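Inside the fold
As a plain string of letters, each chain reads:
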Amino acid sequence: MTRATLPQRLFPLHDPAAVDRLLDRFERVALFKAGSGDKTVQAWLVAQRLLEARPDVPVGLMVLPQDRPASEHVSARTGITHRSPQFVLVERGEPRFHLDEFAITPDRLGPELASHLPSPPGPRVVNDAVISLAPYRALLEAFVSGGLPQPRFEWAWLERLQREAPWRDEETFARLDALFEHPDGRDLQPARAIAIEFQAQLAGRREPLEARARRLLADWPADPATPPAGG
């Protein structure tokens, strides 16, 4: 499976304050306004492919219509008339270029990025809120306390890990993945992992999942966003 890095530096923008924080924090920011329809999907795939090579560029994402307050604020700050989809590169708070709708193509966006972004790329950007491991610890705590039945825990843990498998770093993914036994690695299939767990328990081949979960939780540092020390 190809490692994807873009989700690690994705900043959902829902309101004007979030837009201002992002633009004030980073020297360069790529903004993408997503609407509905095939043209948004096509444009987003183009943007993703080209931005994968630029781990130093944070990406602010607005999904219309729910993020309209943020979108309107971007238009007000940049002076660029709203379109959807729309790609805007902002540098030091000022727009450098934008492409709208069907103009967001590899032959248009690629050269624009190459001409406006420095070479080589700068330090890698990470959105701490996106990569946080707190949800995993919360699932463990709910499960071992009896507040979350095992089937719901299994699906919640494995489906979250499946979504994040393409971009989690090797060490963190290995620690989270070790809770279940399966042969798929980053191509994780939750249903298959749950079936293997069930068969292993019937055969008495693995200790109970709750015991493994308790041990993993015991190894977790006080900061829920930090991964456990053990494998």
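Refer to the preceding data block for the structure.
Residues numbered from 1 in each chain as written. Predicted model: local features only at pLDDT ≥ 70, side-chain atom pairs only at ≥ 80, totals over all residues. Heavy atoms only, no water.

Looking only at helices and strands, the protein has 10 helices and 5 strands in total. If you line up the protein on its principal axes, its C-alpha atoms span 65 × 35 × 35 Å. Look at the contacts in the protein between residues 6 or more apart in sequence, and 68% of them connect residues 24 or more apart. Surface accessibility of the protein: about 11500 Å² in total, with carbon and sulfur atoms responsible for 54%. Averaging the coordinates of the 29 positive side-chain charges in the protein and doing the same for the 32 negative ones gives two points 0 Å apart. (Helix = DSSP H or I, 4+ residues; strand = E, 2+ residues; numbered from the N terminus. Contact = heavy atoms within 4.5 Å. Areas by Shrake-Rupley, 256 points an atom, 1.4 Å probe, with all protein chains shown as cover. Lys, Arg positive; Asp, Glu negative; His and termini not counted. Charge placed at Lys NZ, Arg CZ, Asp CG, Glu CD.)

Of all hydrophobic cores here, the largest spans 24 residues; its most connected members are Leu-140, Phe-153, Trp-157 and Leu-179. Within the residue set of this core, elements represented by two or more residues are helix H6 (134-144), helix H7 (150-164), helix H8 (170-177), helix H9 (190-202) and helix H10 (209-218). The biggest single contributor to this core is H6, with 5 residues. Those residues in contact with Leu-179 that lie beyond four places of it in its chain are Leu-140, Phe-153, Trp-157, Arg-206, Leu-209, Arg-212, Ala-213 and Leu-216. (Core = buried A, V, L, I, M, F, W, Y, C linked by side-chain atoms within 4.5 Å. Buried < 20%, exposed > 50% of the residue type's maximum accessible area, 1.4 Å probe, protein only.)

Looking now at H7. For H7, spanning 15 residues, the distance from its first C-alpha to its last is 21 Å, which sits close to the expected 21 Å at 1.5 Å a residue. Within H7, burial applies to Phe-153, Glu-154, Trp-157, Leu-158, Leu-161 and Glu-164. Looking down the long axis of H7, one finds its buried residues gathered within 130° of arc, a one-sided arrangement. Opposite its buried face, H7 presents the exposed residues Arg-152 and Arg-163, each directed more than 90 degrees away. (Expected span 1.5 Å × (residues − 1). Arc of directions from axis to C-beta.)

Further remarks concern the side chain of Lys-33. Here Lys-33 is to be found in strand S2 (residues 28-34). Of the side chains with opposite charge, Asp-100 comes closest to the buried, unpaired Lys-33, at an N-O distance of 8.1 Å. Among the polar contacts listed, one links the side chain of Lys-33 to the side chain of His-82, at a separation of 3.4 Å. Excluding its chain neighbours within four sequence positions, the residues that come into contact with Lys-33 are Met-62, Leu-64, Ser-71, Val-74, Ser-75, His-82, Arg-83, Ser-84, Pro-85 and Gln-86. (Salt bridge = Lys/Arg side-chain N within 4 Å of Asp/Glu carboxyl O. Polar contact = N/O pair within 3.5 Å; in protein donor to acceptor, adjacent residues only side chain to side chain.)

To continue, consider the sheet that holds strand S5 (residues 94-100). The 5 strands lie next to each other as S1-S3-S2-S4-S5, forming an open sheet whose pairing is mixed. In this open sheet, the two edge strands, each paired with only one partner strand, are strand S1 (10-12) and S5. Between one strand axis and the next, the sheet turns by 20° as a mean value, whatever way the strands run. Bridge count between S1 and strand S3 (residues 59-63): 3 bridges; the pairing is parallel. (Pairing = 2+ DSSP bridges. Axes fitted to C-alpha atoms, helices over the stretch in contact; angles between N-to-C directions.)

Applying the stated criterion across every chain yields a total of 21 salt bridges. One salt bridge connects Glu-27 with Arg-28, and the closest N-O pair in it is separated by 3.5 Å. Given a relative accessible area of 36%, Glu-27 falls into the partly exposed group. Here Arg-28 falls in the buried class, since its relative accessible area comes to 19%. Residue Arg-92 is joined to Glu-91 by a salt bridge in which the shortest nitrogen-to-oxygen separation is 2.9 Å.

Locating Phe-143 in the fold gives a position in helix H6. Taking the C-alpha atoms as reference, Phe-143 lies 8.9 Å from Arg-214; in sequence the two are 71 residues apart. Excluding residues within four positions of it along the chain, Phe-143 makes contact with Leu-148, Gln-150, Phe-153, Leu-209, Glu-210 and Ala-213.

Glancing now at the pairing of S2. Among the 7 residues of S2, 7 are classified as buried, and the element is accordingly described as predominantly covered. Residues Arg-28, Ala-30, Phe-32 and Ala-34 line one face of S2 and the alternating positions Val-29, Leu-31 and Lys-33 line the opposite face, and both faces are buried. Pairing between S2 and strand S4 (residues 86-91): 6 bridges, direction antiparallel. Note that in S4 the partner of Lys-33 across the bridge is Gln-86. Of the strand pairs in this sheet, S2 and S3 are connected by 5 bridges, and their pairing is parallel. The residue bridging Ala-30 from the neighbouring strand is Val-59, located in S3. Running through helix H2 (residues 38-51), the crossover from S2 to the neighbouring parallel element S3 is right-handed. (Right-handed = clockwise from strand over helix to strand, strands pointing away.)

None of the figures reported here should be taken as evidence of function without further support.
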